[in-house]
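Chains, contacts and geometry: an overview
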Amino acid sequence: MGFVGGGRDSGWRASAAAAVAIVLTFAITAGPIRGAGANPLTAYRRYLVTPLTSAFSVQEVLLAATPLLFTGLAVAIAFRAGYFNIGAEGQFLAGAIGATVPGLHLADLSAWLALPVALASGAVAGLLWAFLPAWLKRVAGIDEVVTTLLLNPVAVLLLQGLLNGPWRHPESGFPDSATFGPGYAMPVLVGSDRVHAGLVIAVAMIAVTGVVMVFTPLGLRLRAAGQSPDAARFSGIAVARLQWTSALVSGAVAGIAGASQVLGVQHQLTGSIAVGYGYTGIVVATLGALSAGGVLVVGLLLGLIGVGSQNASLVLQIPPQMGDLVTAVLLLTVVSCLALRHYRFAGRRRAAAAEP
Amino acid sequence: MSISLIAVLGATLTIATPLVFGALGAILGERAGVLNLGIEGTMYAGAFVGFLVTDKGGSVWVGLGAAVASGATAGALMALLTVTIGVNQHVAGIGTTLALVAACDYANRVLYSTGTQVRVPKFSRLLDDVDIVGQYLLTWIALLVVGPLAWWVLRSTGAGMRLRAVGENPEAADVAGISVVATRYVALIMGGVLMATGGAFLTLALLGSFTIDIVSGRGWVCIALVIFGRWGVWTTLAGALLFGAADALQLQLAITPEFGDVPNELLIAVPYLVVIAALVIWGRGIRYPGAYLRPYRRA
């Protein structure tokens, strides 16, 4: 093809690549938006601007971003170490289930004990769901991509099985759990109606991860293990053990995400929690360049698009799935443009002379 | 306890059919060096496009043709991302799956907003009253035509050898005058065609309709089956039949009175767990294709 290696990375090239990707995303999604009978410019104003114009909808954006900040962080922690945990969806659901156990069966705990117990229970459940693939990778070298992926539909089935069986609502008979004990409601932030403490926990965990990644030897070893495992091994870094630890931490963070969602938003376990927060976490982590700051920015952006797509579906009758489509297309265009920025189109003579 | 062995065997072949198509499609890409995690979305697109065009065009054959075209397009997209642009294969695959699923769900909502389930004409079984032989035509095509053909092409033809060479050692293949780019494009497009055919089987043979959870992880199962089968055609087919048998057995158990107390969801999860168990037992020390996950660039 007509590309040769250009080598050097520079800030303006990355910015230009991102700008091109955004224009491409708009161009690709404009057709389907027209197909639903709406004007693409009006639709994008709904997606990106309208949610920021009122205090209420800004809160909705923060609420929608909260689970994505967690799952994005979870995926970034694993990917950083070169462990491809694509099972954040299953670990998220396991965490929601884990938090539900004390929420229903220790319903009388007082708030100062109930929330730590439920969050810890969610973290442990997410960790356990991540354990099998991590263990298989470590002892038998079995590819984690496949095993983490396969456990996602199993987690959905576990959720449905619990809701149709032991946790079916005692009064309504619907496949929703009963409401948790009163101590299990995540406190709502001051000055807000629905934004809950999960947001604070997520931002705090992102900040801690950022500091560890950038300023500590552990962060350096993690990045080395992810970027160049052979070189890392050669310089005495225990790559396998680092990946094992990151895999379990990643699962625990995804588990806390599920716990935060049931404790902060739903106050019961319902099937509507399985809407792909874990898969979107892969988008958040990748678009955020696996960095803490990137996860924060992209998580908020996708929260914005999520609220905007709900808004556009009410006002403009564009199905809300357009939000997911915009997100996925943005992922593909951004990674493509970033990959292409290392190349330049080469004339015939220069191609022969270019160095790799 | 009475479980009809004939019924289980018959259902095994039916259930294995989409997995055979999907897994063979995945083998083509992976033997050429590209892991196509777009498989879940490609099967979903095949299922939806097959359903949509059958509904609007009136014929299952036209619908199947459209599904095939959608699979070729999805494969070409994956090739553009991983071969030409050189995006990380995991990210490209997951992104392709997310984009295809979202696009189909969106189109489904725009075109079928009423909420009532739309039924379309579907393939009928050959010899409907004979249990094991009474399968869909696509099942026999998968097992008796596509499987052996894929094995023969990969093993004995020039095209198959070029494909494997590109997947094992692209540098050497390039020096030998084989186009790495063209070979990978063809492998991914053909693979996409097979995956989408597997998806279309779900709507156009099994269901005669479309639901949003119709693929429900079968694409991921295919990826696991390929590893389980160590990229061999026959071993992968055996894996697909193993999954089919586990699924057929759980369907029978679900309607057996003695198992009435076992939650349905636990039974549905059994085949997934069987695949993971199979990977644990036989998945150790696997040798991956030489250029697996590696984009190729001339030095």
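Residues numbered from 1 in each chain as written. Chains lettered and ligands numbered in written order. Predicted model: local features only at pLDDT ≥ 70, side-chain atom pairs only at ≥ 80, totals over all residues. Heavy atoms only, no water.

If you tally the helices and strands in chain A, you get 14 helices and two strands. Each principal axis of the C-alpha distribution contributes one length, and for chain A these read about 75 × 55 × 35 Å. Residues classed as buried in chain A amount to 53% of the 356 residues present. Pairs at least 24 residues apart make up 77% of the contacts formed inside chain A by residues separated by at least 6 positions. Of note, chain A has its 19 positive side-chain charges centred 18 Å away from the centre of its 12 negative side-chain charges. (Helix = DSSP H or I, 4+ residues; strand = E, 2+ residues; numbered from the N terminus. Buried < 20%, exposed > 50% of the residue type's maximum accessible area, 1.4 Å probe, protein only. Contact = heavy atoms within 4.5 Å. Lys, Arg positive; Asp, Glu negative; His and termini not counted. Charge placed at Lys NZ, Arg CZ, Asp CG, Glu CD.)

Moving on, we get to the overall build of chain B. Looking only at helices and strands, chain B has eleven helices and zero strands in total. Along chain B, helices and strands appear, N-terminal first, in the series α-α-α-α-α-α-α-α-α-α-α. With the C-alpha coordinates of chain B rotated into their principal frame, the extents come out at 65 × 45 × 35 Å. Burial analysis of chain B (299 residues in total) assigns 56% to the buried set. Considering only intrachain contacts with a sequence separation of at least 6, the fraction spanning at least 24 residues in chain B is 81%. Surface summary for chain B: the accessible area is close to 11700 Å², and the carbon and sulfur share equals 67%. For chain B, the distance from the average site of its 17 positive side-chain charges to the average site of its 15 negative ones is 14 Å. (Areas by Shrake-Rupley, 256 points an atom, 1.4 Å probe, with all protein chains shown as cover.)

With that settled, consider unusual backbone geometry. Residues and elements named next belong to chain B. Positive phi, normally seen in glycine, also occurs at Trp-231, with a value near 65°. As for its position among the elements, Trp-231 is in the loop between helix H9 (218-228) and helix H10 (233-254). A relative accessible area of 2% means that Trp-231 is categorised as buried. With a phi close to 70°, Leu-293 is a non-glycine residue in the positive phi region. Take Leu-293: it is sitting in the segment after helix H11 (264-282).

This part takes up the interface of chain B and chain A. Tallying the contact residues gives 43 residues for chain B and 45 residues for chain A. Together, the buried faces of chain B and chain A total about 3700 Å²; carbon and sulfur atoms form 82% of this surface. It is Tyr-106, Trp-220 and Glu-265 of chain B in chain B that bury the most area against chain A; as a group they hold 19% of the surface buried on that side. Linking chain B with chain A are zero salt bridges. At the boundary of chain B with chain A, the tally comes to two residue pairs in polar contact (both at pLDDT 80 or more). For the side of chain B that touches chain A, the secondary-structure elements that each account for two or more residues are helix H3 (60-85), helix H4 (89-111), H9 and H11 of chain B. Tallying contributions element by element places H4 of chain B first for the side of chain B that touches chain A, with 14 residues. Class assignment of the residues belonging to the side of chain B that touches chain A gives a composition of 28 nonpolar, ten polar and five charged. (Buried area = accessible area lost by both parts, 1.4 Å probe. Salt bridge = Lys/Arg side-chain N within 4 Å of Asp/Glu carboxyl O. Polar contact = N/O pair within 3.5 Å; in protein donor to acceptor, adjacent residues only side chain to side chain. Nonpolar A, V, L, I, M, F, W, Y, C, P; charged D, E, K, R; others polar.)

Residues and elements named next belong to chain B. Its location among the elements puts Arg-119 in the loop between H4 and helix H5 (137-156). Spatially, the C-alpha atom of Arg-119 lies 31 Å from that of Gly-147, the residues being 28 residues apart in sequence. If we ignore the near neighbours within four places in the chain, the residues touching Arg-119 are Leu-207, Gly-208 and Ser-209. Of note is the side chain of Arg-119, whose polar atom sits 2.8 Å from the backbone oxygen of Leu-207.

Residue and element names in this part refer to chain B. Confidence in the prediction of chain B, expressed as mean pLDDT, is 89, and 97% of residues score 70 or more. For chain B, per-element mean pLDDT is lowest for H11, which scores 84, and highest for H3, which scores 96. In the model output, the complex is listed with pTM 0.90 alongside ipTM 0.91. (pLDDT = per-residue confidence, 0-100.)

Let us look at the packing of aromatic side chains. All names here are of chain B. According to the stated counting rule, one finds 18 aromatic pairs over all chains in the structure shown. Ring geometry for Phe-48 and Phe-51: centres 6.4 Å apart, planes at 40°, overall tilted. Here Phe-51 and Phe-48 lie together in helix H2 (residues 39-57), a separation of three residues that amounts to about one turn. Each ring, one from Tyr-288 and one from Tyr-292, has its centre 4.9 Å from the other, and the planes form 40°; the classification is tilted. With a relative accessible area of 11%, Tyr-292 lands in the buried category. Through pairs of rings, three or more aromatic residues link up here, namely Tyr-44, Phe-48, Phe-51, Tyr-112 and Phe-210. (Phe/Tyr/Trp six-rings, centres within 6.5 Å; stacked < 30°, edge-to-face > 60°.)

What follows is about the side chain of Ser-336 of chain A. Within the fold, Ser-336 of chain A resides in helix H13 (residues 321-340). Overall, the relative accessible area of 8% leaves Ser-336 of chain A in the buried class. If near-sequence neighbours (up to four positions away) are discounted, Ser-336 of chain A is found in contact with Leu-81, Ile-85 and Val-87 of chain B.

To continue, consider helix H8 (residues 217-227) of chain A. Residues and elements named next belong to chain A. Along H8, the positions that sit buried rather than exposed are Gly-219, Leu-222 and Ala-225. Projected onto a plane normal to the axis of H8, the buried residues spread over an arc of 125° and lie on a single side. The outward face of H8, more than 90 degrees from its buried face, is lined by the exposed residues Pro-217, Leu-220 and Gln-227. (Arc of directions from axis to C-beta.)

Right, let's get into the packing of helix H3 (residues 55-80) of chain A against helix H12 (residues 292-315) of chain A. Residues and elements named next belong to chain A. Close contact between H3 and H12 brings their axes to 7 Å; oriented N to C, the two are set at 135°. The pairing of H3 with H12 is recorded here as oblique in orientation. Crossing angle aside, the handedness with which H3 passes H12 is right-handed. Seen from H3, the contacting residues are Ser-57, Glu-60, Val-61, Leu-62, Ala-64, Ala-65, Leu-68, Leu-69, Gly-72, Leu-73 and Ala-76; seen from H12, they are Val-295, Leu-296, Gly-299, Leu-300, Leu-302, Gly-303, Leu-304 and Val-307. In the contact of H3 with H12, the residues fall into 14 nonpolar, four polar and one charged. (Axes fitted to C-alpha atoms, helices over the stretch in contact; angles between N-to-C directions. Parallel < 35°, antiparallel > 145°, perpendicular 65-115°, else oblique. Left-handed = near helix turned anticlockwise from the far one by under 90°.)

So, on to the packing of helix H2 (residues 40-48) of chain A against H12 of chain A. Residue and element names in this part refer to chain A. Where H2 contacts H12, the two axes come as close as 6 Å, and the packing angle between them is 130°. The angle between the axes of H2 and H12 places the two elements in the oblique class. In this structure, H2 crosses over H12, and the sense of that crossing is right-handed. Counted together, Arg-46, Tyr-47 and Leu-48 of H2 and Leu-301, Leu-304, Ile-305, Gly-308, Ser-309, Asn-311, Ala-312 and Val-315 of H12 form the full contact between these two elements. Each residue belonging to the contact of H2 with H12 can be placed in one class, and the counts come to seven nonpolar, three polar and one charged.

This part covers helix H1 (residues 5-31) of chain B. All names here are of chain B. Along its 27 residues, H1 runs 36 Å from first to last C-alpha, staying within 8% of the 39 Å computed at 1.5 Å per residue. The buried fraction of H1 amounts to 21 of the 27 residues, a majority that puts the element mostly inside the structure. Positive phi shows up at Gly-33, right after H1, with a value of about 100°. (Expected span 1.5 Å × (residues − 1).)

The next point concerns the environment of Gly-192 of chain B. All names here are of chain B. In this structure, Gly-192 sits in helix H8 (residues 180-207). Residue Gly-192 is classed as buried on the basis of its relative accessible area, which comes to 0%. With 101 residues separating them along the chain, Gly-192 and Val-91 place their C-alpha atoms 17 Å apart. Non-local contacts of Gly-192, meaning those with residues more than four positions away in its chain, are made with Thr-42, Gly-71 and Ala-72.

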